[in-house]
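Residue strings, one per chain:
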Amino acid sequence: MTSNDTTAASTDGNAPPLLFLRVQYEVPDLDGGDNSAAEDKQAQTQATITNKQSFDASNCRAATIGLPPSVEPVKPDPGDYSYSGMHDHGPLPPPREGGKFAQIVGFVNAAKKASDKYLTEVIEKEKAHAQPATSESNQQHKRKRK
């Protein structure tokens, strides 16, 4: 098992931060070596890469829920459900910004971005690993047809 641990260090070195979000991914290790096809399948089910990440105030900003200060509220187009600051009968009061929930939303946004990046890398690696095997089987199939 390979582990990539990027958990954030706490401020005092021992205690974890009061608010944090930890994520862990376990994906098959596709670089298990040069085995036969049967051994390769068995190695893929056993060998995994574990990636751990931690998001807290040291590496994430609090999310902004409302509109930026210079943006005026406008009525959204039909089907647009993003926050616009406007209701059918006029402007909405500004949402309360900051606090624990804004920090947690910031952690979730950062975790989603990191997850998208990491899993895209995993998918690209799987595609690259599958292409040589696919081209080999296509060549063998062509030889059989002749």
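Structure: see above.
I will try to describe carefully the structure that is included in this document.

Here is what the cut-offs are and how they apply
Residues numbered from 1 in each chain as written. Predicted model: local features only at pLDDT ≥ 70, side-chain atom pairs only at ≥ 80, totals over all residues. Heavy atoms only, no water. Helix = DSSP H or I, 4+ residues; strand = E, 2+ residues; numbered from the N terminus. Buried < 20%, exposed > 50% of the residue type's maximum accessible area, 1.4 Å probe, protein only. Lys, Arg positive; Asp, Glu negative; His and termini not counted. Salt bridge = Lys/Arg side-chain N within 4 Å of Asp/Glu carboxyl O. Polar contact = N/O pair within 3.5 Å; in protein donor to acceptor, adjacent residues only side chain to side chain. Core = buried A, V, L, I, M, F, W, Y, C linked by side-chain atoms within 4.5 Å. Contact = heavy atoms within 4.5 Å. Patch = residues over 30% accessible without salt bridge, like charges linked within 9 Å, V, L, I, M, F, W, Y side chains within 5 Å. Areas by Shrake-Rupley, 256 points an atom, 1.4 Å probe, with all protein chains shown as cover.

Position of D56 among the secondary structure elements: in strand β3 (residues 48-56). Buried within the structure, D56 lacks any salt-bridge partner; R22 is the closest side chain of opposite charge, at an N-O distance of 6.5 Å. A distance of 2.4 Å separates the side chain of D56 from the side chain of S58, its partner in a polar contact.

Another point: the nonpolar core. The biggest cluster of nonpolar side chains holds 11 residues, and these are V23, Y25, V27, I49, F55, C60, F107, A111, A114, Y118 and V122. Counting only elements with at least two residues in this core, the list comes to β2 (20-28), β3 and α2 (99-145). In terms of residue count, α2 provides more of this core than any other element does, 5 residues in total. Contact partners of F55, with chain neighbours within four places excluded, come to F20, L21, V23, C60, F107, A110, A111 and A114.

Turning our attention to a nonpolar patch on the surface. Side chains of F101, I104 and V108 sit close together on the surface and give an oily, nonpolar patch of about 310 Å² of accessible area. Inspection of the secondary structure assignment puts F101 in helix α2. The exposure class of F101 is exposed, given its relative accessible area of 70%.

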